[in-house]
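Here's the letter readout for the chains.
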Amino acid sequence: AGLGLALLLNSPWMRGRNLFRLAFFSPNLVGGVFVGVLFSVLFVPQYGLINRGLHALFGIPLDTRWLADPALVMPALVMTSLWMSVGFHMVYILAGLQSIEKDLYEAALLDGANSWQQFWHVTLPGLRHVLIFLLLISTIGSFQLFELPWVMLGRGPGPDASGLTIVMYLYLNGYVAGDLGYASAVGWTLALGLLVVSLVQLRLTGAWKPRAS
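So, a few notes on the structure that sits alongside this text.

What counts and how
Residues numbered from 1 in each chain as written. Predicted model: local features only at pLDDT ≥ 70, side-chain atom pairs only at ≥ 80, totals over all residues. Heavy atoms only, no water. Helix = DSSP H or I, 4+ residues; strand = E, 2+ residues; numbered from the N terminus. Expected span 1.5 Å × (residues − 1). Contact = heavy atoms within 4.5 Å. Polar contact = N/O pair within 3.5 Å; in protein donor to acceptor, adjacent residues only side chain to side chain. Axes fitted to C-alpha atoms, helices over the stretch in contact; angles between N-to-C directions. Left-handed = near helix turned anticlockwise from the far one by under 90°. Nonpolar A, V, L, I, M, F, W, Y, C, P; charged D, E, K, R; others polar. Buried < 20%, exposed > 50% of the residue type's maximum accessible area, 1.4 Å probe, protein only. Phe/Tyr/Trp six-rings, centres within 6.5 Å; stacked < 30°, edge-to-face > 60°.

All right, on to helix H8 (residues 128-143) then. With 16 residues, H8 should cover 22 Å at 1.5 Å per step; its first-to-last C-alpha distance of 23 Å lies within 8% of that length. Residues of H8 that are buried sit in contact with helix H5 (70-99) and helix H11 (180-205).

Quick look at the structure:
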């Protein structure tokens, strides 16, 4: 989504791009607690804006209980997190797009490359390091998610613990149940797990190559 918005705002025919940049980036200017309160209202059955919009577009029932149905809690959290993060990714990708040399597009055009070929062979390689960076911070941020589901689900993991995240699990064990030792073990496991996942991602994307001994 961030890549698509960045490509759209980088188009030469786009008007009012500065206004759109501010509009898409503005969710990053508020905290997760505020966003959680906002979307807990937007997901209200019958009168919530999201239910009314989806009902008008796709005919879903107005009484859909996003935050009370275990099958819908995670999609609701994903939509909310997407709303928060897409503008952040858009700004980074837009900066990467503007740093790609225009001569590369002109050379590709002279070689007969169409728009899709230019995107695949010029744009994506030029954005490689930006996309790898965003992949890493997005993965780390998803593992560290806490205040957003905590507020949206009424200070808890939701029905059948369907909104339980790792950091929420740590908090419930450490500060609610009082088992600080177990919570500390969860925290260290999370840190080591994120390190392993990050190294695997860097290895698979080719951003990190171990030196030969």
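Anyway, onward from the coordinates.
For the rest of this paragraph, the subject is the side chain of Thr123. Along the chain, Thr123 turns up in helix H7 (residues 115-126). One polar contact links Thr123 to Tyr105, side chain to side chain, over a distance of 2.7 Å. In contact with Thr123, other than residues within four places in its own chain, are Leu7, Leu97, Ile100, Tyr105 and Gln118.

Moving on, we get to the side chain of Asn173. Take Asn173: it is sitting in helix H10 (residues 166-176). The contacts of Asn173, once residues within four sequence positions are left out, are Gly178, Asp179, Tyr182 and Ala183.

Where helix H6 (residues 102-110) meets H7, the axes come as close as 10 Å, and the angle between the chain directions of the two elements is 145°. Every pair of crossing elements has a handedness; the one defined by H6 and H7 is right-handed. Seen from H6, the contacting residues are Leu104, Tyr105, Ala108 and Leu109; seen from H7, they are Gln118, Val122 and Thr123. Class assignment for the residues of the contact of H6 with H7 results in five nonpolar, two polar and no charged.

Looking now at unusual backbone geometry. The phi torsion at Gln46 lies on the positive side, around 75°, for a residue other than glycine. Of the residues examined, Gln46 reaches a relative accessible area of 34% and is grouped as partly exposed. Unlike most non-glycine residues, Asp160 shows phi in positive territory, near 55°. Secondary-structure assignment places Asp160 in the loop between helix H9 (147-152) and H10. The exposure class assigned to Asp160 is exposed, which follows from its relative accessible area of 72%.

As enumerated under the stated definition, the model contains 13 aromatic pairs in all. Aromatic side chains Phe88 and Tyr92 sit 4.9 Å apart centroid to centroid with 55° between the ring planes, which places their arrangement in the tilted category. Here Phe88 and its partner Tyr92 are both found in helix H5, four residues apart, which amounts to about one turn of the helix. Classification of Tyr92 by relative accessible area gives partly exposed; the value is 35%. Ring geometry for Tyr169 and Tyr182: centres 6.0 Å apart, planes at 80°, overall edge-to-face. Placement of Tyr169 in helix H10 and of Tyr182 in helix H11 is noted, with a sequence separation of 13 residues between them. Exposure remark for Tyr169: the relative accessible area of 30% places this residue in the partly exposed category. Connected via pairs of aromatic rings, a cluster forms that spans Phe39, Phe43, Trp66 and Trp83.

The subject of this paragraph is the environment of Ile50. With respect to the secondary-structure elements, Ile50 resides in helix H4 (residues 49-58). Owing to a relative accessible area of 17%, Ile50 belongs among the buried residues under this scheme. For the pair Ile50 and Val196, spaced 146 residues apart in sequence, the C-alpha to C-alpha distance is 37 Å.

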